[in-house]
Amino acid sequence: MSNDRHVVAARRRVTAKVVRRWAQLDTDWKSVAWGLAIVGFVVGFDVSIPG
Amino acid sequence: MPEGGSIRGRLRTFLPGVGILVFGAIGARAIATKLPGVNELLVAILGGVLLANVVDIPKWATPGIRTHKVWLGTGIVLMGASLAFDAIVESGPIVLLLVCCVTGFTLLYVEALSRNVFGITDQLASLLAAGASICGVSAVVAVAGSIDAREEQIAYAAATVLLFDAVTLVVYPAIGGALDLSARVFGVWAGVSMFSTGPVVAVGFAHSEAAGQWATITKLARNTLIGIVAAGYAAYYARNRLNTESASADDSADNTGTGESGDISLRELWDRFPKFVVGFLLLALVSSAGLFSLGDLRSIENAYGWLFLLAFVGLGTDLELRKLKCAGVRPVFVVFVAFATVSVLSLLLLRAVLG
């Protein structure tokens, strides 16, 4: 039980850190990150995006 | 952008505005599908203009709508995957040479016109020159930081650039159609002579897919010059300040304490470099290595089509008529004369070189 609480707390800390870093990121880098994420999504999961 | 502490907080901040962009994008596509001959990108921009000037954007939607620059950049990054790389390599050197020549000419021409003909002698001249020669409002803001421009000078220059963005969005497609320009000539012409990246991409794709790609790559090449120009201006103005200070001080005064040597650092160049070009080139390289299937490429093309629509609804909201009205008469005249000259000359040159 105590172990679970530690895991949840650690996960929250990591999420908060990622959110903070993302907020500080330059608009251009956000575009690059989104672009690569979309390509990864399309190629990795073989997703078809309708036109 | 506000910095919410949690994912849920950030979603609550941004989702309403992004939702409006998505709604506008779907609406623009639906209208363009129903009305043949009407371009969906121009409908999206018009939707944004109406939203900002007729309805007035609610405060809760503003942070999300402001994300339109991220979506434009993301669309450009994705476009890298669908470039006809061999065509770029073939025409690249000529286009690059044209970009450097036209940018340099426009910069010096606007500076000369402002200072010698229209009597604009302060930093406003440099802001107008940067905005007209490189990448619109982004260049105005980047150079403003380098030359310590005042708030009202930045507002004048930005309003002038936005005014011309609005005009060229309508005029360029009309001229392209009337002169029956090829996709390559029209795309490079828009990329080399129009101001902001968004309208260049919109006008290019409104002509054709190929023209959109040429317009975007030409504009990106132009945008990469922003670091050099901003750093050059910083050095020029810092040296001018030093000269003025040393002239007004005693001959024996020591000016080394100002800390402004006017040197350009690589760090400064990199800070102002448009980073989404890195993503664009990365995807162009991956794609040219044949790592994407035809299905992947189709999906990526559809994705950037949607992202451009989202971005252009947001771009339309930037064109607020009350802000455009605050553009002074003299800056508008300067930019009009320079723009008309550069636009006509570059079109003649492009028709001669690229046919």
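All of the points below concern the structure found in this document. Note that this is a predicted model, so its numbers are computed, not measured.

Cut-offs used in this document
- Residues numbered from 1 in each chain as written.
- Chains lettered and ligands numbered in written order.
- Predicted model: local features only at pLDDT ≥ 70, side-chain atom pairs only at ≥ 80, totals over all residues.
- Helix = DSSP H or I, 4+ residues; strand = E, 2+ residues; numbered from the N terminus.
- Expected span 1.5 Å × (residues − 1).
- Buried ≥ 20, exposed ≤ 12 C-beta atoms within 10 Å, placed from the backbone.
- Contact = placed C-beta atoms within 7 Å.
- Core = buried A, V, L, I, M, F, W, Y, C linked by C-beta atoms within 7 Å.

1. Topic: helix α2 (residues 40-55) of chain B
Residue and element names in this part refer to chain B.
- With 16 residues, α2 should reach 22 Å at 1.5 Å per residue; the first-to-last C-alpha distance of 21 Å fits that figure.
- Among the residues of α2, those classed as buried are E40, L41, L42, V43, A44, I45, G47, G48, V49, L51 and A52.
- Close packing links the buried residues of α2 with α1 (7-34), α8 (151-178), α10 (197-207) and α15 (294-318).
- One or two positions beyond α2, positive phi appears at D56, with a value near 75°.

2. Points about helix α17 (residues 329-353) of chain B
Residues and elements named next belong to chain B.
- With 25 residues, α17 extends 36 Å from end C-alpha to end C-alpha; this agrees with the ideal 36 Å at 1.5 Å per step.
- Among all positions of α17, only P331, V334, V335, A338, F339, V342, S343, S346, L347 and L350 are buried.
- Note on α17: the residue one or two positions beyond its end, G355, has a positive phi of about 70°.

3. Comments concerning unusual backbone geometry
- Residue A:D46 is not a glycine yet carries a positive backbone phi of 55°.
- For A:D46, the location among the structural elements is in the segment after α2 (27-44).
- In this structure, B:D56 takes a positive phi of about 75° despite not being glycine.
- Within the secondary structure, B:D56 sits in the loop between α2 and α3 (62-65).

4. Some remarks on the nonpolar core
Residue and element names in this part refer to chain B.
- One finds L41, L78, L128, V140, V143, A202 and F312 to be the most contacted residues of the largest nonpolar core, which totals 115 residues.
- Top element by residues in this core is α15. It accounts for 11 residues.
- With residues up to four places along the chain from it excluded, the contact list for V140 reads L127, A130, G131, I154, A157, A158 and V161.

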